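Summary of the model geometry
The primary structure of each chain is shown beneath.
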Amino acid sequence: ARALTPQTAETDAIRFLVGTQSLRYDNQIHIIDFDDENNIINKNVLLHQVGEIWHISTSPADKGVLATCYNKTSDTKVMTCAAVWRMPKELESGSHESPDDSSSNTQTLELLCHLDNTAHGNMACVMWEPMGDGKKIISLADNNILLWDLQESSDKAVLSSSAALEGKGQLKFTSGRWSPHHNCTQIATANDTTVRGWDTRSMRQIYCIENAHGQLVRDLDFNPNKQYYLASCGDDCKVKFWDTRNVTEPVKTLEEHSHWVWNVRYNHSHDQLILTGSSDSRVILSNMVSISSEPFGHMVDDDELSDQEDQHQEEK
C-alpha cells in the first residue's frame, strides 16, 4: 500500500481508505474502520481492477464517493489516470464483521467517471474542494492544473478551467493542497523545489516560493485554523512553515528527520500538532505552539488543573 486517506464525509466513525499496489493481482481498496470503544480494527475489501493505486482521496460531501489515481499500461507505455468511483451502498457506513470473514465477500467499485487526461499527461493527485458539495475537483497532471465540475450524479466530469506551468525543463507537479480558507478559492502546488499558490477563479498564480526547499518538495498542508499558514516538506529532510503573505523566509523550520520527508499534516482540532512521515522510517509528532492559532493556550483545560499541577504546567 502507498495511498491512504481519511473518509472526511463520515463524521460518526473513524474510517480510512487504503489503496494497494500489486502487479500480479487485482488491486484493492481496503475500508479500515477503527472501533475506538472496543479498540478493534475492522476492514472491508473493494476490488479496484484498473491498476495500481498511487493516490486516493474521498468526497467531502458523499460518504460513498472517492477518486483514485492509478497506473494503466497501454502499448508498453504506463499512464497514470484518474477516476471517480462509488462504493456499494452497504459499505458506505462500514460494517462490523470480524476481519476474518471480510475476504470472502469482496465487492467491486462502481466507476462513475474518468477524469480524462489524455491531452495533459500523468495524474499526480486529485483534490476535492474541502468545504464543497463534492462537485468540484482539481487534478494535477504533469505540468497542468485541471479544475473539473462533476455533474449531478457524478457520472460525468466536465473540465471547467485549467492552467499550465511554464518555464524551462520538464516541469511536473508532485503534490498539491486545496486551502479550506478564502471560500476555497486558493490551492497550493509543489513542483521541483518550488511552492506556488493559485486562485481557482482566475487560475492565476498568486504567490511563488522559489527554492522553498533545497531539493524536491514532497507534500503540503494548510493550517486548518490560520488562513495564511502553510507547511511544506521535502527531500532536504526539512519541514518548513510559511506565511503566504510574505514568502521570502519561512516562519519556522523543523529539522528532526534524517531522510526525505514525504508527508506533513496538521491536526484538525489542535493546529499546534504536526505529524510528519519520512523515509528515515520515523513518524514524528511535533508541538508547534508558537505558530499555532492559540500561541498562549494549553490543550489542557485550565479548570482541570489544581494549583500544584498549575505550577508544574508553567515550568513545563
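Keep in mind that this is a model prediction, so the values were computed, not measured. The residue count restarts for each chain, going from 1 along the sequence in the order it is written. It should be noted that, the model being predicted, local features are given only for residues of pLDDT at least 70 and side-chain atom pairs only at 80 or more, the latter also being counted only at that level, while totals for whole chains, interfaces and linings use all residues. Side-chain metrics in this entry use all non-hydrogen atoms of the structure; hydrogen atoms and water are not considered.

**What to know about the packing of aromatic side chains**
Under the convention used in this document: Two rings from Phe, Tyr or Trp (for Trp, the six-membered ring) form a pair when their centres are within 6.5 Å of each other. A pair whose planes differ by under 30 degrees is stacked, one over 60 is edge-to-face, and the rest are tilted. The secondary structure listing takes helices from DSSP runs of H or I that are at least 4 residues long and strands from runs of E that are at least 2 residues long, numbered from the N terminus. The cut-offs for exposure are 20% and 50% of the maximum accessible area for each residue type, with area from a 1.4 Å probe on protein chains only; residues under the lower value are buried, those over the upper are exposed, and the others partly exposed.
Under the definition given, this model contains three aromatic pairs. Ring geometry for F173 against W198: centres 6.5 Å apart, planes inclined by 75°, an arrangement best described as edge-to-face. With F173 in the loop between β13 (157–164) and β14 (175–178) and W198 in strand β16 (residues 194–199), the pair connects residues that are 25 residues apart, well separated along the chain. Taking the relative accessible area as the measure of exposure, F173 reaches 5% and is therefore buried. In this structure W198 comes out as buried when scored by relative accessible area, which is 4%. Between F241 and Y266, the aromatic rings sit 6.4 Å apart at their centres with planes inclined by 70°, giving edge-to-face as the arrangement.

**Topic: the pattern of salt bridges**
Going by this rule: Whenever a carboxyl oxygen of Asp or Glu lies within 4 Å of a side-chain nitrogen of Lys or Arg, that contact is scored as a salt bridge.
Here the structure, examined in full by the defined rule, presents 10 salt bridges. Note that R201 and D199 form a salt bridge whose closest N and O atoms lie 2.8 Å from each other. On the basis of relative accessibility, which here comes to 12%, the residue D199 falls in the buried class. Here D235 ties to R218 by a salt bridge, and the two come within 2.7 Å at their closest N and O atoms. You can see D235 sitting in the loop between β19 (229–234) and β20 (239–243) and its partner R218 sitting in strand β18 (residues 217–222), a full 17 residues away along the chain. You can call D235 buried: its relative accessible area is 8%. A network of salt bridges, in which partner residues are shared, links E10, R15, D33 and K63.

**Focus: the environment of L111**
Where we set the bar: Should any heavy atoms of two residues lie within 4.5 Å, those residues are considered in contact.
Tracing the backbone shows L111 in strand β9 (residues 110–115). Between the C-alpha atom of L111 and that of A83, which follows or precedes it by 28 residues, the distance is 7.4 Å. Residues in contact with L111, not counting those within four places in the same chain, are A83, V84 and W85.

**Details of unusual backbone geometry**
Of note, the phi angle at N39 is positive, near 60°, even though the residue is not glycine. Considering the arrangement of structural elements, one finds N39 in the loop between β3 (27–35) and β4 (40–48). By relative accessible area, N39 is classed as exposed at 60%. Even without glycine at this site, N211 takes up a positive phi of about 50°. Looking at where N211 falls in the secondary structure, it is placed in the loop between β17 (204–209) and β18.

**Some remarks on the sheet that holds β16**
Inclusion rule: Following DSSP output, two strands are said to pair if at least two bridges run between them. Only the stretch in contact is used when a helix axis is fitted, and all axes are lines through C-alpha atoms; the angle between N-to-C directions ranges over 0 to 180 degrees.
Read across the open sheet, the four strands follow the order β14-β15-β16-β17; overall the sheet is antiparallel. A single partner strand is all that each edge strand has here, and the edge strands are β14 and β17. Put simply, the sheet's adjacent strands are angled 20° from each other on average, direction ignored. Pairing geometry for strand β15 (residues 186–191) and β16, over six bridges, is antiparallel. Bridged to A190 within β16 is V195.

**Let's talk about the pairing of strand β7 (residues 77–86)**
Judged by how many residues are buried, β7 sits mostly within the fold: seven of 10 residues are covered. Sheet topology note: the strand β6 (residues 65–74)/β7 ladder contains 10 bridges and is antiparallel. Residue pairing in the sheet places V65 in a bridge with R86 of β7. The turn joining β6 and β7, which pair antiparallel and follow one another in sequence, is formed by two residues; a positive phi near 45° is taken by D75. Note: β7 against β9, five bridges, orientation antiparallel. Bridge pairing links A82 to L115 in β9.

**As for the sheet that holds β13**
If you walk across this open sheet you meet the four strands as β10-β11-β12-β13, and the pairing is antiparallel. Of all strands in the sheet, those with a lone pairing partner are β10 (123–128) and β13, marking the two edges. Across the sheet, the axes of successive neighbouring strands diverge by a mean angle of 20°, strand direction being ignored. Taken together, the seven bridges between strand β12 (residues 144–150) and β13 define a ladder with antiparallel strand orientation. Following the sheet pairing, L150 is matched in β13 by A157.

**Describing the nonpolar core**
What counts is decided by this rule: Here, the term nonpolar core denotes a set of buried Ala, Val, Leu, Ile, Met, Phe, Trp, Tyr and Cys residues that are joined through side-chain atoms within 4.5 Å.
Counting residues in each nonpolar core, the largest one holds 17 residues, and the members touching the most others are V84, L115, M123 and I137. Taken together, the elements giving at least two residues each to this core come down to β6, β7, β9, β10, β11 (136–141) and β12. What M123 contacts, discounting residues up to four positions off in sequence, is C69, T80, C81, A82, L115, N117, S139, L140, A141, L146 and W148. In this structure, A3, I31, L66 and M87 belong to the second largest nonpolar core, which totals 16 residues.

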